[in-house]
Amino acid sequence: MRLLFIRHGDPDYENDTVTEKGKREVELLAQRAESLELGHCFVSPLGRAQDTAAPSLARTGKNAETLDWLEEFPAKIDLNKVPHLIKAYPDTKTEGGRYLPRIIWDVVPSYWTEHSEYSDSEKWRTTEISCNSDLVEIYDRVTGEFDRLLEQYGYVRDGAHYRVERESNETLTFFCHFGVSCVLMSHLWSISPFVLWHSLALAPSSVTEIVTEEREKGIAYFRGLKIGDISHLYAGHEPVSFAARFAETYGNKDQRH
C-alpha cells in the first residue's frame, strides 16, 4: 500500500483558491503527475485543494472522490471559556471585547514545548487545550474515516499497526492540507499531532510519500519515503512558497509572524 499526501498550492485563503504563484506550482505538479502514479485519488472539498488536484487529474485522465473529512483540520478553541490559555495563543484577535475562535494547533512553542504532555502519544488527549476544545472529537472522527478507507483496501487498524487482511500494491492519493496531513500521519505513526504540526512544514504543492512494510506476515507498518518533496518546483525553477512557515528570525518583519 502506498499513500501520497499532496498539499494544495500557494493559498489564497480569502477566496479559497490558489494564488497566481499557486497556479504555476500546480501546473508543475501536473507535469510530474504521470510519474507519480497517483492511483485512486481523493480530494478535500475546499477550493484550494480542488484547484490543486484539477490539473493533475486532467493530465492523467483520472477522477477524484471528494471526502468531507479531508478538509483542513477544523478544530478550534474558544479562549473566552479558558482565558488563561491566551499564553498559548498570545496574538488571538478580538471583536467586541471577546476572543475570536482560534485554530487549535497554532500554539506558540514557549507553551507546548514546556508541557511535555503535548508530545506524549497518549497524554496529548487530556491536555488542557484538548479538554477545552473539540480537538479529540474531531481527531477521532477524521482518523476513524481514514481507517475505514484503508480497511476497504485490506488494511485494518490493530493497536498501533495494521493487520493485513488482503495484500495491496494500490496507491491512494490525497489532495488536501497541511494540518489534516499531520493528523493522518500522527495516527499512522501513533504520535502526538502537536509534534508534527510544529516540527514539519509541508510546502504548498509538496508531495509526501508513505508506504507499508510487512516484515511479519499479516502485520503492516507505514514508513515515510519522502516528506514534503518539492522537486517539481526545483525542476521548473519556481521558488518555494513560505506558506505554513513562520519567521526564521523574529526581527525579520517581512516574514510571517
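**Details of the environment of Gly22**
Here comes step 1: Here Gly22 is to be found in helix H1 (residues 20-36).
Here comes step 2: Separated by 10 residues in sequence, Gly22 and Asp12 have C-alpha atoms that sit 8.5 Å apart.
Here comes step 3: Among residues more than four places away in sequence, those in contact with Gly22 are Gly9 and Asp10.

**Examining the nonpolar core**
Here comes step 1: By size, the foremost hydrophobic cluster in this structure holds 52 residues, and its most contacted members are Leu3, Phe73, Ile104, Ile129 and Phe174.
Here comes step 2: Listing elements by their share of this core, those giving two or more residues are strand E1 (2-7), helix H3 (109-112), helix H5 (135-152), strand E11 (161-164), strand E12 (171-176), helix H6 (178-189), helix H7 (193-199) and strand E14 (219-229).
Here comes step 3: No other element matches H6, which puts eight residues into this core.
Here comes step 4: Setting aside its immediate chain neighbours within four residues, Leu3 contacts Phe146, Leu150, Leu172, Phe174, Leu188, Thr208, Glu209, Ile210 and Phe222.
Here comes step 5: Ala33, Leu38, Ala49 and Leu57 belong to the second-largest nonpolar core, a separate cluster that totals 13 residues.

**Let's talk about the pairing of E14**
Here comes step 1: By the bridge criterion, two bridges tie E11 to E14 in an arrangement that is antiparallel. Note on E14: the bridge partner recorded for Tyr162 is Ala220.
Here comes step 2: Pairing analysis gives seven bridges linking strand E13 (residues 207-216) to E14, with the strands arranged antiparallel. Bridge pairing in E14 links Glu209 to Lys226.
Here comes step 3: Between E13 and the antiparallel strand that follows it, E14, lie two residues; Gly218 among them carries a positive phi value of about 85°.

**Section: the sheet that holds strand E4 (residues 40-43)**
Here comes step 1: If you walk across this open sheet you meet the eight strands as E5-E4-E12-E1-E13-E14-E11-E10, and the pairing is mixed. Two strands lie at the open edges of the sheet, namely strand E5 (64-66) and strand E10 (155-158), each paired on one side alone. Direction aside, neighbouring strands of the sheet carry axes that sit 30° apart on average.
Here comes step 2: Where E4 meets E5, three bridges bridge the pair, whose relative direction is parallel. Along E5, the bridge assignment pairs Cys41 with Ala64.
Here comes step 3: Together, E1, E4, E5 and E12 form the strand contacts of helix H2 (residues 47-60), whose direction differs from that of E12 by roughly 135°.
Here comes step 4: Contacts from H5 reach E1, E4, E10, E11, E12 and E14, with the element oriented near 135° to E10.

**Observations concerning the packing of aromatic side chains**
Here comes step 1: The final tally for this structure, using the stated rule, is 13 aromatic pairs.
Here comes step 2: Here Phe42 and Phe174 contribute two aromatic rings whose centre-to-centre distance is 5.5 Å and whose plane-to-plane angle is 20°, an arrangement assigned as stacked. Of this pair, Phe42 sits in strand E4 while Phe174 sits in strand E12, and the two are 132 residues apart along the sequence. Taken as a pair, Phe42 and Phe174 share a single burial class, namely buried.
Here comes step 3: Through successive ring pairs, a cluster of aromatic residues spans Phe73, Trp105, Tyr111, Tyr118, Phe178, Phe194 and Trp197.

**Here's the deal with the pattern of salt bridges**
Here comes step 1: Applying the stated rule across the entire model yields 16 salt bridges.
Here comes step 2: Residue Glu209 is joined to Arg2 by a salt bridge in which the shortest nitrogen-to-oxygen separation is 2.7 Å. Of this pair, Glu209 sits in strand E13 while Arg2 sits in strand E1, placing them 207 residues apart in sequence. Arg2 carries the same exposure label as Glu209, and that label is buried.
Here comes step 3: Arg163 is paired through a salt bridge with Asp158; the nearest N and O atoms lie 3.5 Å apart.
Here comes step 4: Relative accessible area serves as the criterion here: at 32%, Arg163 is assigned to the partly exposed category.
Here comes step 5: The class of Asp158 is partly exposed, set by a relative accessible area of 33%.
Here comes step 6: One network of salt bridges, in which partners are shared, links Lys21, Arg24, Glu25 and Glu238.

**Notes on the side chain of Ser56**
Here comes step 1: Among the structural elements, Ser56 can be located in helix H2.
Here comes step 2: Exposure remark for Ser56: the relative accessible area of 1% places this residue in the buried category.
Here comes step 3: In contact with Ser56, not counting residues within four places along its chain, are Leu29, Ala30, Ala33, Leu38 and Phe175.

Criteria and thresholds
The residue count restarts for each chain, going from 1 along the sequence in the order it is written. For this predicted model, a pLDDT threshold of at least 70 governs which residues receive local features, and a threshold of 80 or more governs which side-chain atom pairs are given and counted, while totals over whole chains, interfaces and linings are taken from all residues. With hydrogens and water stripped out, all remaining heavy atoms of the structure feed into the side-chain values. The way it works is that DSSP assigns letters per residue, a run of H or I at least four long becomes a helix, a run of E at least two long becomes a strand, and they are numbered from the N terminus. Contacts between residues were defined by any pair of non-hydrogen atoms, one from each residue, lying within 4.5 Å. In this text, buried Ala, Val, Leu, Ile, Met, Phe, Trp, Tyr and Cys residues form a nonpolar core when linked through side-chain atoms within 4.5 Å. Throughout, exposure labels follow a simple rule: accessible area from a 1.4 Å probe, protein chains only, divided by the maximum for the residue type, with under 20% read as buried, over 50% as exposed, and the rest as partly exposed. Here the rule is simple: two strands pair whenever DSSP picks up at least two bridges between them. Angles shown run from 0 to 180 degrees and are taken between the N-to-C directions of axes, each axis being a line fitted to C-alpha atoms and, for helices, limited to the stretch in contact. Ring pairs are drawn from Phe, Tyr and Trp, using the six-membered ring of Trp, whenever the two centres fall within 6.5 Å, and their geometry is named by plane angle: stacked under 30 degrees, edge-to-face over 60, tilted for the rest. Here, a salt bridge means any side-chain nitrogen of Lys or Arg that lies within 4 Å of a carboxyl oxygen of Asp or Glu.

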